[in-house]
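Here is what each chain is made of, one letter per residue.
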Amino acid sequence: MRVVASLGLAFAVGQAVAAFSTEVRPFQAHAVHQLIPHAAGPSLPSDHATAAFAVAFAVGAFLSRRWGLALSVLAAVIGFARVWTGVHYPGDILAGALIAAGAVATIGVVGRAYDRRTGRRLGTTA
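It should be emphasised that the depicted structure is a prediction, and the values quoted were computed from it without experimental measurement. (Residues numbered from 1 in each chain as written. Predicted model: local features only at pLDDT ≥ 70, side-chain atom pairs only at ≥ 80, totals over all residues. Heavy atoms only, no water.)

Peer 1: Quick question: what am I supposed to make of the packing of aromatic side chains here?
Peer 2: Centre distance and the angle of the planes are the two values used to describe a pair of aromatic rings. For the coordinates displayed, the defined rule picks out two aromatic pairs. With 5.4 Å between their ring centres and 40° between their planes, F53 and F57 make a pair best called tilted. Here F57 and F53 lie together in helix 3 (residues 47-62), a separation of four residues that amounts to about one turn. The exposure class assigned to F53 is buried, which follows from its relative accessible area of 9%. On the accessibility criterion, F57 (27% relative accessible area) is partly exposed. Note on F80 and W84: the rings are 5.8 Å apart at their centroids and 25° apart in plane angle, and the pair reads as stacked. Here F80 and its partner W84 are both found in helix 4 (residues 65-84), four residues apart, which amounts to about one turn of the helix. (Phe/Tyr/Trp six-rings, centres within 6.5 Å; stacked < 30°, edge-to-face > 60°. Helix = DSSP H or I, 4+ residues; strand = E, 2+ residues; numbered from the N terminus. Buried < 20%, exposed > 50% of the residue type's maximum accessible area, 1.4 Å probe, protein only.)

Below you can see the structure in the form of structure tokens.
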């Protein structure tokens, strides 16, 4: 449940940031060889990177550090691919990773507070 909540929170924050962002995509502002077609619009943050890092960090925090690390490597590859294809700047990827980390941290704090309040221990079911 906390992995899904982390992804949802990260996506919501990412959408809010994008609504206020004035940064356009690299192919809109520079002469780049765009490798995949993409609609014009705000570049910051990368939705793909936000989602990938949110899942990776949440899995690492709440389920398995080993799988979280493996998924973090894959998330970095996704971020690199978004830059390589000309649809994002590196800062867009970093912003997505930071939003994801903040969402996971927030869900972690809220989850621990909920566990304390209800007397549950992490990893147990009621």
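Having seen the model, we can carry on.
Peer 1: I would appreciate a short explanation of the nonpolar core in the present structure.
Peer 2: Most often, soluble globular proteins keep nonpolar side chains buried together rather than apart. Grouped together as the largest cluster of nonpolar side chains are 11 residues: A10, A49, A52, F53, A54, A75, I93, A97, I99, A100 and A103. Breaking this core down by element, the ones donating at least two residues are helix 3 and helix 5 (90-118). Residue contributions to this core peak at five residues, all from helix 5. If sequence neighbours within four positions are ignored, A103 has contacts with S6, L9 and A10. (Core = buried A, V, L, I, M, F, W, Y, C linked by side-chain atoms within 4.5 Å. Contact = heavy atoms within 4.5 Å.)

Peer 1: How do you make sense of the side chain of T50 when you look at a structure like this?
Peer 2: One can find T50 in helix 3. Judged by relative accessible area, which is 3%, T50 ranks as buried. For T50, the residues in contact, after removing those within four places along its chain, are A10, P45, G96, I99 and A100.

Peer 1: Honestly, helix 4 in this entry has me stumped. Any pointers?
Peer 2: One full turn of an α-helix is made of 3.6 residues, so residues set three or four places apart face in the same direction. In a regular helix each residue adds 1.5 Å, so 20 residues correspond to 28 Å; helix 4 covers 28 Å between its end C-alpha atoms and thus fits that length. Listed in full, the buried residues belonging to helix 4 are G68, S72, A75, G79 and R82. Down the axis of helix 4, the sector holding all buried residues measures 80°, keeping them to one side. In helix 4, the exposed positions angled more than 90 degrees off the buried face are occupied by R66, W67, L69, F80 and W84. In this structure, the buried residues of helix 4 make contact with helix 3 and helix 5. (Expected span 1.5 Å × (residues − 1). Arc of directions from axis to C-beta.)

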